[in-house]
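# Breakdown of the fold
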Amino acid sequence: MMQTTTLSKLSLSVFMALALQSGNAFGADDPGVAAVTPAECLADLEDTAAFMQANDAGAPAALADHGPLIAQALDKARGATAQVTDLRSCGKIVYAYLRHWRGNHIGLGLPEGVSPNKAANPVAVRSAQAADRGAPRFKVLGKDTLVLTLPDFDDSYAATVETLVAAHRAELASHKNWIIDVRGNGGGSDSTYRPLLGWLLDGDLRGYNTAYLATPANIKAQEAVCGQLGDTDGCKTRMEPILAKMRAAAPGSFVLAGNKRIGSDPVKLEAKRPARVAMLADHGCASSCEQFVLEARTSYRVKVVGRPTAGALDVSNLRGHTLPSGRIVLRYATTRSTRLPDMRIDDIGIAPDILLPAPDDQAARDAEVAQLQRWLEGGLLDGR
């Protein structure tokens, strides 16, 4: 029933990190310098426009909201293709046009088996130090307060979160005040934060379903996704009922992953849950991080503090479509939330319960945790 985020993490959709950085983003053997003719680039652009309109789950809303601007951007991009000489210059033009559809969960990538050099690909290549920065962390701040820092919901951290919760069960149960820091968490998989829900919620988890856009291209992409994921967690078992609905549906229609637009899932609650939880969020909290914020704030005990989130959640489950040149892959959304149109988050974000000004530097950012500790323990947010 709940919205999934398979292959939808923001980093997967950002072609800029792969090929469009300024300066010397590519070495001599990088695909970004491969020759591309204006005609080839124009074909890729036209295919992008047509494919988005037919297959992207967010396209109907985007066209209704700002269709003329998208059309103007396409005309401008068509003219710009006349100056194209290589993949990098073509990618910049197509990507600039694509961003007029929406600002998130959309982008360009490289075909499977083609990679830019490691120095220019910080998304795909994480050093040990970067991996450590993304790992969940636990710290006791005082006799009543602790902080959980969750920088990344990549599914590679799912087991780490589960182990962390198990290892610190006694401290989690004995501290009445929690701070959960999700600033800068770009998302990943909803399953990564599941071990925390029993500590935070008050009963069943009420949420919105996911609707899949049924088109021949989307069915084909959905059939392939389990192989791409290595059929983890029974992917094929979960996806086959959805695929059956998509195959039976009229092309261009949406089908529900379950039977209801709004439903609830049972959650096994912990006996000793925190009395007060301050969830510290900011503009860097996106995708699955925003789903976590939405789910956690249904609890009476949770307050969201900080800045609005990124606004990257309404359309999701990115799939790939190779453009005619064979050198660029369009990453587009195949699902939308049944929250729409009543509760839009994309390009808006989730507003915090308590707004904090953006910190000026790292010291001010670090001080926000101490500020929340003081508040949870009976003081004032402004320190007076």
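Residues numbered from 1 in each chain as written. Predicted model: local features only at pLDDT ≥ 70, side-chain atom pairs only at ≥ 80, totals over all residues. Heavy atoms only, no water.

### Here's the deal with the pattern of salt bridges
- Across all of its chains, the model carries 15 salt bridges by this definition.
- Between Glu40 and Arg327 there is a salt bridge, and its shortest N-O distance comes to 3.6 Å. With Glu40 in helix α2 (residues 38–55) and Arg327 in the loop between β11 (315–322) and β12 (329–337), this residue pair connects regions lying 287 residues apart in the sequence.
- Look at Glu40 and you get partly exposed, because its relative accessible area is 31%.
- Glu240 is the partner of Arg247 in a salt bridge, and the nearest nitrogen-oxygen pair spans 2.9 Å. (Salt bridge = Lys/Arg side-chain N within 4 Å of Asp/Glu carboxyl O. Helix = DSSP H or I, 4+ residues; strand = E, 2+ residues; numbered from the N terminus. Buried < 20%, exposed > 50% of the residue type's maximum accessible area, 1.4 Å probe, protein only.)

### Notes on the nonpolar core
- Counting residues in hydrophobic clusters, the biggest one holds 34 residues, and the most contacted among them are Trp178, Ile180, Val182 and Phe292.
- For this core, the elements supplying multiple residues, two or more each, are β3 (145–149), α6 (158–167), β4 (177–181), α8 (194–200), β9 (276–281), α11 (288–296) and β10 (302–306).
- Ranked by the residues each element gives to this core, the list is headed by α11, at five residues.
- Discounting residues that sit within four places of it in the chain, Ile180 has contacts with Leu148, Leu150, Leu200, Val277, Ala278, Met279, Leu280 and Phe292.
- Core analysis: the second largest hydrophobic core is formed by 29 residues, Leu45, Ala49, Ile70 and Leu323 among them. (Core = buried A, V, L, I, M, F, W, Y, C linked by side-chain atoms within 4.5 Å. Contact = heavy atoms within 4.5 Å.)

### Looking at the packing of aromatic side chains
- Scanning all chains against the criterion turns up five aromatic pairs.
- The interplanar angle of 55° and the centroid separation of 5.3 Å between the aromatic rings of Phe153 and Tyr193 together place this pair among those described as tilted. Taken as a pair, Phe153 in the loop between β3 and α6 and Tyr193 in the loop between β4 and α8 lie far apart in primary sequence, 40 residues in all.
- Looking at Phe153, the relative accessible area reads 1%, which means it is buried.
- Ring geometry for Trp178 versus Trp199: centroids 5.6 Å apart, planes at 40°, classification tilted. Here Trp178, found in strand β4, pairs with Trp199, found in helix α8; they are 21 residues apart in sequence, far enough to count as distant. Take Trp178 and Trp199: they sit in the same class, and that class is buried.
- Aromatic ring contacts, followed pair by pair, group Phe153, Tyr193 and Phe292 into a single cluster.
- The ring of Phe254 has Arg336 sitting right over it, with the charged end atom 3.6 Å from the ring centre. (Phe/Tyr/Trp six-rings, centres within 6.5 Å; stacked < 30°, edge-to-face > 60°. Lys NZ or Arg CZ within 6 Å of the ring centre and 35° of its normal.)

### Some details on the side chain of Thr81
- Checked against the element boundaries, Thr81 lands in the loop between α3 (59–80) and α4 (87–98).
- Those residues in contact with Thr81 that lie beyond four places of it in its chain are Pro38, Cys41, Leu42, Leu45 and Ile93.

### Thoughts on the confidence of the model for the protein chain
- Per-residue confidence for the protein chain gives a mean pLDDT of 86; residues scoring 70 or more make up 85%.
- Contacts for the low-pLDDT stretch residues 117–129, under 50 throughout, to residues beyond four places or in other chains number 20 contacts. (pLDDT = per-residue confidence, 0-100.)

### Observations concerning the state of the cysteines
- Taken as a whole and assessed by the stated rule, the structure comprises two disulfides.
- Residue Cys41 pairs covalently with Cys90 via a disulfide, S to S 2.2 Å. The sign of the S-S torsion, about 100°, decides the handedness of the disulfide formed by Cys41 and Cys90: right-handed. In this pair, Cys41 sits in helix α2 while Cys90 sits in helix α4, placing the two residues 49 residues apart along the sequence.
- Classification of Cys90 as buried rests on a relative accessible area of 1%.
- Paired by a disulfide, Cys285 and Cys289 hold their sulfur atoms 2.1 Å apart. Here the S-S torsion is close to -105°, and the disulfide linking Cys285 with Cys289 is therefore left-handed.
- Among the residues examined, Cys285 registers a relative accessible area of 0% and is labelled buried. (Disulfide = S-S within 2.5 Å.)

### Here's the deal with the side chain of Glu295
- Tracing the chain through its elements places Glu295 in helix α11.
- Look at Glu295 and you get buried, because its relative accessible area is 2%.

### Remarks on α11
- In terms of burial, α11 is largely enclosed, as nine of its nine residues are buried.
- Every buried residue of α11 is accounted for by Ser288, Cys289, Glu290, Gln291, Phe292, Val293, Leu294, Glu295 and Ala296.
- Buried-residue contacts for α11 involve β4, α8, β5 (205–208), β9 and β10.

### Comments concerning the packing of helix α9 (residues 216–228) against helix α10 (residues 235–248)
- Where α9 meets α10, the closest approach of the two axes is 10 Å, and the angle between their N-to-C directions is 170°. By the angle between their axes, α9 is roughly antiparallel relative to α10. Of the residues in α10, those in contact with Asn218, Ile219, Gln222, Glu223 and Cys226 of α9 are Cys235, Lys236, Met239, Leu243, Met246 and Arg247.
- Residue composition of the contact of α9 with α10, by class: six nonpolar, two polar and three charged. (Axes fitted to C-alpha atoms, helices over the stretch in contact; angles between N-to-C directions. Parallel < 35°, antiparallel > 145°, perpendicular 65-115°, else oblique. Nonpolar A, V, L, I, M, F, W, Y, C, P; charged D, E, K, R; others polar.)

### Digging into the sheet that holds strand β13 (residues 354–355)
- Within the open sheet, the six strands sit side by side as β2-β3-β4-β9-β10-β13. Their pairing is mixed. Across the chains shown, the open sheet's two edge strands, defined by having one partner strand only, are β2 (137–140) and β13.
- In this structure, β3 lies alongside β4, joined through five bridges in parallel fashion. Pairing of Leu148 across the sheet is with Ile180, part of β4.
- In this fold α11 packs onto β4, β9 and β10, with an angle of close to 155° to the strand it touches most, β9. (Pairing = 2+ DSSP bridges.)

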